Amino acid sequence: MCIPDTTIKIQTLGRFSITVDGTSVAQQWPDETVKALFCYLLSPLDLYFTWDRICRSLWDITATPTCRRRLEESIIRPLNSFLIKELGFTPLVVRPEGISIDRQGIHVDAHEFYDTVLEGLRLLSNDGNAAAHEKFSRANTLYTGSYLPGIPGKIVVNTRNDLESLYRTAVVDAIAPSRNSTCPGNNKRE
């Protein structure tokens, strides 16, 4: 795989867009199923997806040799061709056990959000409250809306729900006490 020197930026929070050097690309997908598979692979919650999980998510069937052949011919080949045309290379990594995206040279906002929240939680558990608060503030800035809005599929919907829950329970709850502590009257003793 030949990876270009430029960074591909993929926005998944609040909207879906791909830019290369500030120019929007990948606006006309071959079809919605090809786009959906690519979006599945962007999830920050999974390193790779098994063939069975992909087949169940796309067609609600288990992976069989016939299903895998259909997946290869009707989705993966067109996706590879499309990505080469739009990005100049294909980041897809196809293995016998499944498929993933090589994230080298690719920045996905949901990954940065997820990693930032996890780092904030790690710092918080080590009594690094100020450093954790910085991470949660950064995560709050990154979370510009729901994950891949309008993109269907079990994998995307589950990731959307998990990231939203993480945002509400970790980020919003962590930031709220510091905001409230600066309000007059919040330090009253009962």
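Just above, that's the structure.
Predicted model, so just to flag it, every value in this text is computed and none were measured.

Procedures and definitions
Residues numbered from 1 in each chain as written. Predicted model: local features only at pLDDT ≥ 70, side-chain atom pairs only at ≥ 80, totals over all residues. Heavy atoms only, no water. Patch = residues over 30% accessible without salt bridge, like charges linked within 9 Å, V, L, I, M, F, W, Y side chains within 5 Å. Areas by Shrake-Rupley, 256 points an atom, 1.4 Å probe, with all protein chains shown as cover. Salt bridge = Lys/Arg side-chain N within 4 Å of Asp/Glu carboxyl O. Helix = DSSP H or I, 4+ residues; strand = E, 2+ residues; numbered from the N terminus. Buried < 20%, exposed > 50% of the residue type's maximum accessible area, 1.4 Å probe, protein only. Lys, Arg positive; Asp, Glu negative; His and termini not counted. Contact = heavy atoms within 4.5 Å. Phe/Tyr/Trp six-rings, centres within 6.5 Å; stacked < 30°, edge-to-face > 60°. Core = buried A, V, L, I, M, F, W, Y, C linked by side-chain atoms within 4.5 Å. Expected span 1.5 Å × (residues − 1).

J.: Hey, could you go over a nonpolar patch on the surface for me, with residue numbers and the actual values?
T.: Together, L118, L121 and L124 give the surface a local cluster of nonpolar side chains, amounting to about 230 Å² of exposed area. Structurally, the position occupied by L124 is in helix α4 (residues 109-125). The exposure class assigned to L124 is partly exposed, which follows from its relative accessible area of 39%.

J.: So what's going on with the side chain of K35? Which residues, and what values?
T.: Secondary-structure assignment places K35 in helix α1 (residues 32-40). Despite its burial, K35 pairs with no opposite charge, the nearest such side chain being E32 at 4.5 Å. Aside from chain neighbours lying at most four places away, what touches K35 is F16, W29 and I151.

J.: I'd love a proper account of the packing of aromatic side chains, names of residues and values included.
T.: Considering all chains together, one arrives at 6 aromatic pairs under this definition. The interplanar angle of 35° and the centroid separation of 6.2 Å between the aromatic rings of F16 and W29 together place this pair among those described as tilted. Of this pair, F16 sits in the loop between β1 (8-11) and β2 (17-20) while W29 sits in the loop between β3 (23-25) and α1; the two residues are 13 residues apart in sequence, bridging distant segments of the chain. Here the two residues F16 and W29 agree in accessibility, since each one is buried. Pairing W29 with F38 gives two aromatic rings, centres 5.5 Å apart and planes at 40°, and the pair type is tilted. A single burial state applies to W29 and to F38, both of which are buried. Among the aromatic side chains, those forming a connected cluster through ring pairs are F16, W29, F38 and F82.

J.: Outline the nonpolar core, listing residues and values.
T.: Membership of the largest hydrophobic core comes to 56 residues, with the highest contact counts inside it found for I10, F16, I18, W29, F38, I54 and F113. Not counting the four nearest positions on each side in its chain, I18 is found in contact with I8, K9, I10, T23, S24, V25, A26, W29, F38 and L87.

J.: Can you break down α4 residue by residue, with the values?
T.: The end-to-end C-alpha separation of α4 is 24 Å, in line with the 24 Å expected for 17 residues at 1.5 Å each. Along α4, the residues classified as buried are D109, A110, H111, F113, T116, V117, G120 and L123. Of the residues trailing α4, D127 is marked for its positive phi of about 60°.

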